[in-house]
Amino acid sequence: MQEAPILAADPPAPQVAEAGAPYAAPVAVAPTPVVPAPAPVPPAPAAPRRSRTPVRETRVSGQPAFVLHSYPYKETSLIVDLFTRDHGRIAVVAKGAKRPLSKLRGVLQTFQPLSVSWSGKSELRTLIDAEWVGGMLPLERTALLCGFYLNELLVKLLARDDAHRVLFDHYVSTLNELAHDEPAQIVLRKFERALLKETGVAADLARSTTTREPVAADASYVVDPERGAREARVSDVWPVVSGKTLLDMEREDYADPATQAQSKQLMRFLLAHHLGGAPLNTRQILIDLMQL
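Model, not experiment: these values are computed from the prediction.

Student: Describe the overall build of the chain, listing the residues and the values that go with them.
Tutor: Helix and strand counts for the chain stand at six helices and eight strands. Walking the chain from its N terminus toward its C terminus, one meets helices and strands in the order β-β-β-β-β-α-α-α-β-β-β-α-α-α. Within the chain, the proportion of its 292 residues that are buried is 37%. Long-range contacts, defined here as pairs at least 24 residues apart, represent 56% of the contacts in the chain between residues at least 6 apart. Approximately 18,400 Å² of the chain is accessible, and the part contributed by carbon and sulfur atoms is 56%.

Structure below.
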């Protein structure tokens, strides 16, 4: 029995609209456009590397200066603390200054006016040259100890690289007064007051900080190290001084023995505060020698 042949399927009959229904033509659908993928953005070219310009070494020549302190550095050198007129307190390394034949060996002495040159930008510069200028008498005996006291104050109260031209000139005049045997107590009181003024911590001595009235010569006061003078109270433990002493100190008039005695106690108190309690070695020696 033969199998029936497989016939191809009939094509689908065309769709006929129902009676009464309008004919709707088929809507042609536009093909979806193919959006090409965005081209990859090339990376921005790296900025050309600039070679660092070497920092030019600074050099200072012929600067007026005094040696405040020095100590050994390595085998043949010294580190020297200088007080300069236009650059303030700086530290320099004096290479080879301890060698017997070094030119610097006999020049880097305290209380002698120098003309110095150095180079470098770091905190520790390199001393290039130092020359003795001359023109000042050497300090001797008690005046020499007073000079070391001044230097210790400068080292402990002056920030590095902070110029104090007025204070530098006052330092020179103070050394001259000590060398000519001016009364040490008066000379030192003036310098101490000038030092506090120049470093911006001097208290106001001419006006009461509580009443804002001028200080009365016949009244008693204490001096707040951070604010200034005010009327004394029974409970005060700070040094009590007369208004006349405060006014005399503002005028730099220390002729009155009472002003000398009271200003000594007051300045000792104020300096101790601003030093944070750090002891002054030379002051203790001076106290022992002359009850300064």
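On we go.
Student: I'd love a proper account of the side chain of His164, names of residues and values included.
Tutor: As for its placement among the helices and strands, His164 is situated in the loop between helix H1 (141-157) and helix H2 (165-179). A polar contact is formed between the side chain of His164 and the backbone oxygen of Glu198, at a distance of 3.5 Å. When sequence neighbours within four positions are dropped, the list of residues in contact with His164 reads Phe83, Arg85, Leu158, Glu198 and Thr199.

Student: Can you explain the pairing of strand E3 (residues 88-94)? Please cite residues and give values.
Tutor: Two faces, one strand: in a regular strand the side chains alternate between the faces of the sheet. Judged by how many residues are buried, E3 sits mostly within the fold: seven of seven residues are covered. Of the strand pairs in this sheet, strand E2 (residues 77-84) and E3 are connected by seven bridges, and their pairing is antiparallel. The residue bridging Val80 from the neighbouring strand is Val92, located in E3. Where E2 folds back onto E3 in an antiparallel hairpin, the turn is made up of three residues.

Student: Please set out helix H5 (residues 257-274) residue by residue, giving values where relevant.
Tutor: For H5, built from 18 residues, the straight-helix expectation of 26 Å at 1.5 Å per residue is met to within 8% by its first-to-last C-alpha distance of 26 Å. Two or three places before Ala258, at the start of H5, stands the capping residue Asp256, its side-chain oxygen 2.9 Å from that residue's backbone nitrogen. Phi turns positive, to about 65°, at Gly276, one or two residues after H5.

Student: Outline the nonpolar core, supporting the account with residue identities and numerical values.
Tutor: Leu154, Tyr171 and Leu246 are the most contacted members of the largest nonpolar core, which has 44 residues in total. Put simply, the parts of the chain that give this core at least two residues each are strand E1 (59-73), H1, H2, helix H3 (184-198), strand E6 (220-224), helix H4 (243-251) and H5. With residues near it in sequence (within four places) discarded, Leu154 still touches Leu68, Phe83, Arg89, Leu167, Tyr171, Phe191 and Leu195.

Student: Talk me through the environment of Lys156; I want residue IDs and the actual numbers.
Tutor: Its location among the elements puts Lys156 in helix H1. Sequence spacing of Lys156 and His274 is 118 residues, and the spatial spacing of their C-alpha atoms is 9.7 Å. The contacts of Lys156, once residues within four sequence positions are left out, are Leu275, Pro279 and Leu280. Among the polar contacts made by the side chain of Lys156, one reaches the main-chain carbonyl oxygen of Pro279 at a distance of 2.6 Å.

Student: For the sheet that holds E6, give the residues involved together with the corresponding values.
Tutor: The three strands are arranged E7-E6-E8 in an open sheet whose pairing can be described as antiparallel. This sheet does not close on itself; its edge strands, each paired only once, are strand E7 (228-231) and strand E8 (241-242). Alignment of E6 against E8, held across two bridges, turns out to be antiparallel. Along E8, the bridge assignment pairs Ser220 with Ser242.

Student: Before we move on, can you summarise the packing of aromatic side chains with the specific residues and values?
Tutor: Given two aromatic rings, their pairing is described by the distance between the two centres and the angle made by the two planes. Under the definition given, this model contains seven aromatic pairs. Summarising the aromatic geometry, the rings of Phe66 and Tyr171 are spaced 5.3 Å apart at their centres and angled 75° between planes, so their arrangement reads as edge-to-face. Of the two residues, Phe66 is situated in strand E1 and Tyr171 in helix H2; the sequence distance between them amounts to 105 residues. Taken as a pair, Phe66 and Tyr171 share a single burial class, namely buried. Taking 5.7 Å as the distance between ring centres and 40° as the angle between the ring planes, the aromatic pair formed by Trp238 and Phe269 counts as tilted. Linking Trp238 in the loop between E7 and E8 with Phe269 in helix H5, this pair joins segments that are 31 residues apart in sequence. Here Trp238 falls in the partly exposed class, since its relative accessible area comes to 28%. Here a set of aromatic residues connected by ring pairs shows up, and it is made of Phe66, Phe83, Phe168, Tyr171 and Phe191.

Student: Could you give an account of the sheet that holds E3, with specific residues and numbers?
Tutor: Strand order around the closed barrel formed by five strands is E1-E2-E3-E5-E4, with mixed pairing between neighbours. Neighbour-to-neighbour, the strand axes of this sheet turn through a mean angle of 55°, independent of strand direction. Here eight bridges tie E1 to E2, and the two strands are oriented antiparallel to one another. Looking at E2, one finds that His69 is bridged to Asp81. In the packing of H1 onto the sheet, contacts are made with E1, E2 and E3, and the angle to E1 comes to roughly 100°. Contacts from H2 reach E1 and E2, with the element oriented near 65° to E1.

Basis of the calculations
Residues numbered from 1 in each chain as written. Predicted model: local features only at pLDDT ≥ 70, side-chain atom pairs only at ≥ 80, totals over all residues. Heavy atoms only, no water. Helix = DSSP H or I, 4+ residues; strand = E, 2+ residues; numbered from the N terminus. Buried < 20%, exposed > 50% of the residue type's maximum accessible area, 1.4 Å probe, protein only. Contact = heavy atoms within 4.5 Å. Areas by Shrake-Rupley, 256 points an atom, 1.4 Å probe, with all protein chains shown as cover. Polar contact = N/O pair within 3.5 Å; in protein donor to acceptor, adjacent residues only side chain to side chain. Pairing = 2+ DSSP bridges. Expected span 1.5 Å × (residues − 1). Core = buried A, V, L, I, M, F, W, Y, C linked by side-chain atoms within 4.5 Å. Phe/Tyr/Trp six-rings, centres within 6.5 Å; stacked < 30°, edge-to-face > 60°. Axes fitted to C-alpha atoms, helices over the stretch in contact; angles between N-to-C directions.

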